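Single-letter residue listing:
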Amino acid sequence: MQDWITIKGARLNNLKNVTIQIPKNKLVILTGLSGSGKSSLAFDTLHKECVRQYMESMGMVTDFVSKPEVDAIEGLTPSISVDQHLTNRSPRSTVGTATEIFTYLRVLFARVGHRPCPVCHQDIPPAYNISEDEEWSAESSESELEQTFDDSVTYPCPHCGTPVPEMGMAHFSFNKPAGACPTCSGLGEILDANLDLLLDANLSILDGSIKGWDHHYIAHYTPVLQAAAERYGFTFDPRVAVGDLSDVQRDLLLYGVHSPRFRQHFPDVVPPENVSEGRFEGIVTNILRRYTERAHDLNYREKMEKLLFKRTCPDCDGTRLRLESRQVTVNGRSITELSQVSLVDLAEWIAGLTDVLPIEAQIICEPIVADLRERTRRLVDIGVGYLTLERAMPSLSGGEAQRLRLASLLGSGLTGVLYVLDEPTIGLHPRDTERLIVALSRLRDLGNTVLVVEHDLDMIRAADYVIDIGPGAGKNGGRVVAAGTPDEIAQIPESVTGAFLTNHKRLSVERRSVNGRRLTIHGARAHNLRDITVHLPLGVLVAVTGVSGSGKSSLILDILNRAAQRHFYGAGDPPGEHTAITGWNHINKVITIDQTAIVRTTRSNAATYTDAFTTIRQVFAATPQACGAGLTAAHFSFNASGGRCERCQGAGTLTINMHFLPDVEVRCPVCRGKRFKPEVLKVLYRGSSIADVLDLTVEEALELFQDAPSALARLQLMVDVGLGYLKLGQPATTLSGGEAQRVKLAKELSRRGGNGHTLYLLDEPTTGLHPADTLHLLDVLQRLVDSNNTVVVIEHNLDVIAAADWIIDLGPEGGKDGGFLVAEGTPEQIVHEERSRTGAVLADRFASVIS
């Protein structure tokens, strides 16, 4: 049996004919600067070839899986990739459904739940009339379990004799009509219109209160409103300010005659059927209808979303289930209550369940509880014990989603497998990294090879074997700089990673003093925040820290960011619960740069989003060749007709519908992937065509456009924020959350002006960055602060935390044990706070990051 996986001659992307051996049954870390070629080697070469060869061995068709650019890979084993891409972005998918824990709870509540009688309201115990065919087992499929219940089956209330229907799993599912809240259809949220943007309450309709109505609309709809009012027996005066209308008049104007909101005032009156009789749709109802009907028009929906916001469903209070399902309890807790507690607390509840249930219930639920206990334990062990079952999957970070999948792999018992992971420490507090290392070591000890693409120094130090790719990024990377144990890597001078392992790279910091100006969040109570008041000093670099689930995002993104969007721009979702925010007068605007995708289309890329490509097109249009051919900057755009290839409309690829198989993208046969017409491609700037430029990395383009100041400035900003390795033409949809955030930062920096006083809010901007790249990003953030701005970062990275002027530390733990303001002050002060988990890990590393 081979003890090594041998890769020979890997040449994909920037890999330079790499030959490397990877030891089997070891924890192996693949590291290097961002863009050095790690992912190309691990995912695009090794994992892809593993999948292709495995499919071939099974006799499956592999025509659509191309062989990566590599001479050979020997010693391959079946491979499982665990990356950061969320495969399920449905708002109906939650942590509970994704891990199947909620499915197990549904079985438990359907079998042994207590509920109140709808007539006498006394407790109805479960009916233990389960046949042998209906017994639960871990192998039972959900569809089989659903079929074991019949809604037509009833049994009498033991107190008053009222027949009550048997409750099954469907009654506890928010994805099925039997259990979903009828108001929000099981989503827990409803869309509503932002009235501040739709109307001016101080004006009447005739004076232009409705912002979307011109004089034609006013003339058309005013008699309709008056006819409707007359039909229902009240008056509607269009000369009265909208803010002074009665509840009935206001509900008519906003929601229309057919809405439940208006009809509750007149339940016995039949609504008018035509406009002349007063059939008025309602302003809000009209907007929501148009938004729903144009589901496939993304541009239209994006414009409409500015007028809308999501709010918690008023009927189910965000729990997603109908009232009858929420009233069922097991050991005094409802299924919605259990969905709202942390996984740590849920595990405690499960552990004590069998001791308090009657013997009949114990017999029924014993196998269910055993599976629940094991699944929750794995999740807690992997470091996501702070999550709740109700947490929506699209709201998870890439690292959190990856750790959920990793927890399921720990229970599989597979051996002889190659696991390829992409930075599983992302979003994890340094205190919890040890837990993750233990989990990966367990995978290895089962007889598997664990290959991790990683930048975290603690993870690298814990590895059995380290492969450092570099020495730089882009064209300056793609080589194996060093391979060996962490101690061996640390002794190799050419290794940038090795320098950090030996603490040769130190961060010199000069702290700014707090000047007295501050923004204060009073009484923050969103999610698990404990009515805390937090002072954000202005004009400095502030790090908001704490273990995962301690309340950082709730404080900065859910409260401060949303409140700022409303205060400065009058838009956005309502902020999380808090008493007030004071100090807005000290800042001019707020810019929030999070990790959400920058666009929804593959036609956009980092160059187009930051407007760097606009300046590049102008450079090409100014060349003598372009001027002679009559080509303008528009001809060098692949998003506009004129110069682009019309066969693929500038995409460079065509999508082939494979019917029942996944769609396949092929290179355009006309432009051969170049995107442009031949006459456009003939125009060269310093020997490169516009298509050649799109294939360059940002750093390579920086060298090419040294004589074009406008393009140079934007490209330099992308390099400064750690994106020098990105190809200009890489689709924006393929960017990670951290990359997307840094692209947004580069765009904001390119258009920054004024006299400062801007508040920047960033959510873990170091995601995906090597420690060397983090230093460059820190320099950009410090320059922002030096320009009289305030930068607030939610961070776990110790280099950033140590460089901050001020730290706000939340915790001390996550979930119900978090939400407190543990400490605030300079890094030197935080390390002396006994309750601070951040202070503890910062103290251990303080000497290595501060000189």
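Data block above holds the structure.
This is a predicted model, so every value here is computed, not measured.

A. Broad picture of the overall build of the protein. When helices and strands are counted, the protein shows 33 helices and 28 strands. Computed over the C-alpha atoms, the radius of gyration of the protein is 30 Å, within 12% of the 29 Å expected from 2.2 N^0.38 for a compact globule of 851 residues. Here the C-alpha coordinates of the protein stretch approximately 80 × 75 × 65 Å along the principal axes. Looking at the protein alone, contacts between residues at least 24 apart form 67% of all its contacts between residues at least 6 apart. One finds the centroid of the 84 positive side-chain charges in the protein at a distance of 6 Å from the centroid of its 104 negative side-chain charges.

B. Molecular detail of the state of the cysteines. All told, the structure shown has zero disulfides when counted by the stated rule. This cysteine, cysteine 316, is not joined by any disulfide, and cysteine 313 carries the nearest cysteine sulfur, 3.7 Å off. Judged by relative accessible area, which is 2%, cysteine 316 ranks as buried. Residue cysteine 648 stays outside any disulfide, its sulfur separated by 3.7 Å from that of cysteine 671, the closest cysteine.

C. Representation of the packing of aromatic side chains within the structure. Applying the stated criterion across every chain, the model contains 19 aromatic pairs. Ring plane angle 55 degrees and centroid distance 6.0 Å describe the contact between phenylalanine 109 and phenylalanine 172, whose orientation is recorded as tilted. Of this pair, phenylalanine 109 sits in helix α3 (residues 101–112) while phenylalanine 172 sits in the loop between β9 (163–165) and β10 (189–193), and the two are 63 residues apart along the sequence. Judged by relative accessible area, which is 2%, phenylalanine 109 ranks as buried. A centroid spacing of 6.2 Å and a plane angle of 45 degrees characterise the contact between phenylalanine 568 and tyrosine 569, whose relative ring orientation is tilted. Using a relative accessible area of 23% as the deciding quantity, one classes phenylalanine 568 as partly exposed. Residue classification places tyrosine 569 among the partly exposed positions, given a relative accessible area of 41%.

D. Fine view of the sheet that holds strand β20 (residues 541–545). Spatial ordering of the open sheet is given by β22-β25-β26-β20-β27-β28, a layout of six strands whose pairing is mixed. Of all strands in the sheet, those with a lone pairing partner are β22 (589–593) and β28 (820–825), marking the two edges. Between one strand and the next, the sheet's axes are offset by a mean angle of 15 degrees, whatever the strand orientation. Here β20 pairs with strand β26 (residues 790–794) via four bridges, running parallel. By the bridge assignment for β26, valine 542 is matched with valine 792. Strands in contact with helix α21 (residues 552–569) are β20, β22, β25 (758–763), β26 and β27 (806–811); relative to β22, the strand with the most contacts, it is inclined by about 135 degrees. Along the sheet, helix α30 (residues 771–786) contacts β20, β25 and β26; its crossing angle with β26, the most-contacted strand, is approximately 145 degrees.

E. Quick look at the pattern of salt bridges. As enumerated under the stated definition, the model contains 33 salt bridges in all. The closest approach of N and O atoms between glutamate 293 and arginine 289, which form a salt bridge, is 3.1 Å. Remark: arginine 289 and glutamate 293 occur in helix α9 (residues 283–293); sequence separation between them is four residues, near one turn of the helix. Taking the shortest distance from any N to any O, the salt bridge between arginine 431 and glutamate 813 comes out at 2.9 Å. One end of the pair, arginine 431, is in the loop between β14 (418–422) and α17 (433–445); the other, glutamate 813, is in the loop between β27 and β28, and 382 residues separate them in sequence. In this structure glutamate 813 comes out as partly exposed when scored by relative accessible area, which is 22%. The network of salt bridges with shared partners includes Glu374, Arg377, Arg378 and Asp381.

F. Fine view of helix α23 (residues 612–621). Among the ten residues in α23, eight count as buried, and that is most of the element. All of the buried residues along α23 are Ala612, Phe613, Thr615, Ile616, Arg617, Val619, Phe620 and Ala621. Against α22 (606–609), α24 (624–629), α26 (690–694) and α28 (709–720) lie the buried residues of α23.

G. Expanded view of the environment of leucine 712. Among the secondary structure elements, leucine 712 is positioned in helix α28. Each C-alpha atom of the pair leucine 712 and isoleucine 616 lies 9.1 Å from the other, and the pair is 96 residues apart in sequence. Not counting residues up to four positions away in its chain, the partners in contact with leucine 712 are Leu702, Phe705 and Gln706.

H. Fine view of the side chain of serine 342. For serine 342, the position within the fold is in the loop between α12 (335–340) and α13 (343–351). Setting aside its immediate chain neighbours within four residues, serine 342 contacts Gly385, Tyr386, Leu387, Thr388 and Gly815.

I. Region of interest: the sheet that holds strand β3 (residues 27–32). Read across the sheet, six strands follow the order β5-β14-β15-β3-β16-β17 without closing on themselves; strand pairing throughout is mixed. Bordering the open sheet on either side are β5 (79–82) and β17 (479–484), each of which pairs with just one other strand. The mean inter-strand angle of the sheet, taken between neighbouring strand axes irrespective of direction, is 15 degrees. Both β3 and strand β16 (residues 465–470) contribute to a ladder of five bridges, which runs parallel. Paired with leucine 30 across the two strands is isoleucine 467, which belongs to β16. Lying over the sheet, helix α1 (residues 38–57) contacts β3, β5, β14, β15 (449–453) and β16, oriented at roughly 145 degrees with respect to β14. Packing of α17 onto the sheet brings it into contact with β3, β14 and β15, and relative to β15 it is tilted by some 145 degrees.

J. Quick peek at unusual backbone geometry. Of the consecutive residues glycine 470 and proline 471, the connecting peptide bond is found in the cis state with omega at 5 degrees. Relative to the assigned elements, proline 471 resides in the loop between β16 and β17. Cis geometry is found at the peptide bond from glycine 811 to proline 812, where omega equals 5 degrees. For arginine 675, which is not glycine, the phi dihedral falls at a positive 80 degrees. You can see arginine 675 is positioned in the loop between β24 (664–667) and α25 (678–681). The phi dihedral of asparagine 788 is positive, around 75 degrees, even though this residue is not glycine. Classification of asparagine 788 by relative accessible area gives partly exposed; the value is 32%.

K. Geometry of the environment of asparagine 788. Its location among the elements puts asparagine 788 in the loop between α30 and β26. Considered as a pair, asparagine 788 and threonine 758 are 30 residues apart in the sequence and their alpha carbons are 7.8 Å apart.

L. Spotlight on α28. If you check α28, its first and last C-alpha atoms are 16 Å apart, about what twelve residues at 1.5 Å a residue would give, namely 16 Å. Regarding α28, the residues found buried are Ala711, Leu715, Leu717, Met718, Val719 and Asp720. In the segment just after α28, glycine 722 is the residue with positive phi, at about 90 degrees.

Cut-off values and rules
- Residue numbers here run from 1 along each chain, matching the order of that chain's written sequence.
- Local features in this predicted model are restricted to residues of pLDDT 70 or higher, and side-chain atom pairs are both shown and tallied only at a pLDDT of 80 or more, whereas totals for entire chains, interfaces and linings draw on every residue.
- Only hydrogens and water are set aside when side-chain values are computed; all heavy atoms of the structure are taken into account.
- The helix count covers DSSP runs of H or I at least four residues long, the strand count covers runs of E at least two residues long, and both are numbered beginning at the N terminus.
- C-alpha atoms define the radius of gyration in this analysis, and the globule rule sets the expected value at 2.2 Å times the number of residues to the power 0.38.
- Any two residues whose heavy atoms approach within 4.5 Å are treated as being in contact.
- The charge count includes Lys and Arg as positive and Asp and Glu as negative, but it does not include His or the ends of the chains.
- Every charge is mapped onto a representative atom, which is NZ of Lys, CZ of Arg, CG of Asp or CD of Glu.
- The definition used for a disulfide is geometric: two cysteine sulfur atoms within 2.5 Å.
- Per-residue accessibility, obtained with a 1.4 Å probe over protein chains only, is compared with the maximum for each type, and a residue is labelled buried under 20%, exposed over 50%, and partly exposed between these values.
- For Phe, Tyr and Trp, rings pair up if their centres lie within 6.5 Å, where Trp contributes its six-membered ring, and each pair is then called stacked (planes under 30 degrees apart), edge-to-face (over 60) or tilted (otherwise).
- Think of it this way: DSSP has to see at least two bridges between two strands before they count as a pair.
- Lines fitted to C-alpha atoms define the axes here, with helix axes fitted over just the stretch in contact, and angles between the N-to-C directions of these axes take values from 0 to 180 degrees.
- The term salt bridge refers to a pairing of a side-chain nitrogen on Lys or Arg with a carboxyl oxygen on Asp or Glu at a separation within 4 Å.
- Given the number of residues in a helix, its expected span is that number minus one, multiplied by 1.5 Å.

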